[in-house]
Amino acid sequence: MAFLIDPEKTRIDNLIDTFDHINSLRVLVQKEVNVDHFVVFIGGSTMTDVNLDKWITAAKEIIKIPIIIFPGSYHQLTENADGVLFLNLISGNNPDYLIGHQRQAAAQLLESELEIIPTGYLLIDGGHESAVQRVSQTLPLPQYNPEFIVHTAFAGQLMGNQMIYLEAGSGAITPVHPAIIKSVKNQLDIPLIVGGGLRSLQQLESSYLAGADMLVIGTAIEQKTTWN
């Protein structure tokens, strides 16, 4: 499981409270959903006024689980993390997010010691306009057409990605349906990440049972949600 934190929404001086909340969720998820591997994803769609080096350095002093960069652009890179999802937005046709940002990032990663994980990123309709949709100027894939989602995800695997990420968007009203997760997973030979709109332990369990290898929780952290 990954806990997603947007540094633009979480100040450095609030990190201790944020990670205390993450630890309480981690204990509950371990107990109720039988998950035993956790990482922290750091990133956001814009993140224009954040010193990422300083932010992650402070975070690593508090939390002792791996920190992976979940970048919204090539500007969101630092060697202070443990790894980076090298994302390509394959659900849309905006060349900036298919190769533009990736080319710029590659120039910075030539001698990087980060673990670099090529990841095909699919934006799925979660019932409202997400920040990713606005920034990338691409439309999400509708959940009423699961076959198209499966074909797009499989194309991502054929392109050489090491992971596929189905994302309903931060604060999604509707998470990715378990039937879609199952259909995509049945077609893939690589790990499947799913995020967006997961608000209960039941939804977490249903998504894992459908085939997700990793789930991403973000809004529950921002809103200090507690699950009972």
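Cut-offs used in this document
- Numbering of residues starts from 1 in every chain and runs along the sequence as written.
- It should be noted that, the model being predicted, local features are given only for residues of pLDDT at least 70 and side-chain atom pairs only at 80 or more, the latter also being counted only at that level, while totals for whole chains, interfaces and linings use all residues.
- Hydrogen atoms and water are omitted, and side-chain values are computed over all heavy atoms in the structure.
- Think of each axis as a best-fit line through the C-alpha atoms, taken over the contacting stretch in the case of a helix, with angles from 0 to 180 degrees between the N-to-C directions.
- Starting at the N terminus, helices and strands are each numbered in turn, a helix being any DSSP run of H or I of at least four residues and a strand any DSSP run of E of at least two.
- Note that the term roughly parallel is reserved for angles under 35 degrees, roughly antiparallel for angles over 145, roughly perpendicular for angles of 65 to 115, and oblique for everything else.
- A clockwise turn of the near helix away from the far one marks a right-handed crossing, whereas an anticlockwise turn of less than a right angle marks a left-handed crossing.
- Residues are treated as being in contact if the distance between any of their heavy atoms lies within 4.5 Å.
- Under this grouping Gly is polar, as are all residues other than the nonpolar Ala, Val, Leu, Ile, Met, Phe, Trp, Tyr, Cys and Pro and the charged Asp, Glu, Lys and Arg.
- Think of it in three bands: residues with accessible area under 20% of the maximum for their type are buried, residues over 50% are exposed, and the middle band is partly exposed, with areas taken using a 1.4 Å probe on protein chains only.
- Between any two strands, pairing holds if DSSP finds at least two bridges.
- Whether a crossover is right-handed comes down to one check: with the strands pointing away from the viewer, does the path from the first strand over the helix to the second run clockwise; if it does, it is right-handed.
- We define a salt bridge as a contact between a side-chain nitrogen of Lys or Arg and a carboxyl oxygen of Asp or Glu at a distance within 4 Å.

**Looking at the packing of helix H6 (residues 178-187) against helix H7 (residues 201-210)**
H7 packs onto H6 with a crossing angle of 25° between their chain directions and a minimal axis gap of 8 Å. Regarding the angle of H6 to H7, the classification is roughly parallel. Considering only the axes of H6 and H7, their crossing is right-handed. Between H6, through Pro178, Ile181, Lys182 and Lys185, and H7, the contact on the second element is made entirely by Ser206, Ser207 and Ala210. Its residues placed into classes, the contact of H6 with H7 shows three nonpolar, two polar and two charged.

**Observations regarding the pairing of strand E7 (residues 192-195)**
Going residue by residue along E7, you find Leu192 and Val194 tucked away on one face and Ile193 and Gly195 tucked away on the opposite face as well. Strand direction decides the pairing type here: strand E6 (residues 163-167) and E7, joined by four bridges, are parallel. Following the sheet pairing, Leu166 is matched in E7 by Val194. Between the parallel pair E6 and E7, the chain is carried across by H6, and the sense of this crossover is right-handed. Where E7 lies against strand E8 (residues 214-217), three bridges are found, and the strand directions are parallel. Along E8, the bridge assignment pairs Gly195 with Val216. Tracing the backbone out of E7, into H7 and back to the parallel element E8 gives a crossover that is right-handed.

**What about the pattern of salt bridges?**
Two side chains of opposite charge can pair, provided their charged atoms sit close to one another. One pass over the structure, following the stated rule, counts three salt bridges. Taking the shortest distance from any N to any O, the salt bridge between Lys60 and Asp82 comes out at 3.5 Å. Here the residue Lys60 occupies a position in helix H2 (residues 52-60), and Asp82 occupies one in the loop between strand E3 (67-69) and strand E4 (83-89), the gap between them amounting to 22 residues. A residue is classified by how much of its surface remains accessible, and Asp82, at 33% relative accessible area, is partly exposed. Its salt-bridge partner being Lys185, residue Asp213 comes within 2.6 Å of it at the nearest N-O pair. Linking Asp213 in the loop between H7 and E8 with Lys185 in helix H6, this pair joins segments that are 28 residues apart in sequence. Given the relative accessible area of 42%, Asp213 is considered partly exposed. Take Lys185: its relative accessible area is 22%, and that puts it in the partly exposed class.

**Structural notes on the sheet that holds strand E1 (residues 2-5)**
Pairing is parallel in the closed barrel, where eight strands are placed in the order E1-E2-E3-E4-E5-E6-E7-E8. Within this sheet the neighbouring strands show an average axis-to-axis angle of 30°, counted without direction. Where strand E5 (residues 115-123) meets E6, five bridges bridge the pair, whose relative direction is parallel. Note on E6: the bridge partner recorded for Gly120 is Ile164.

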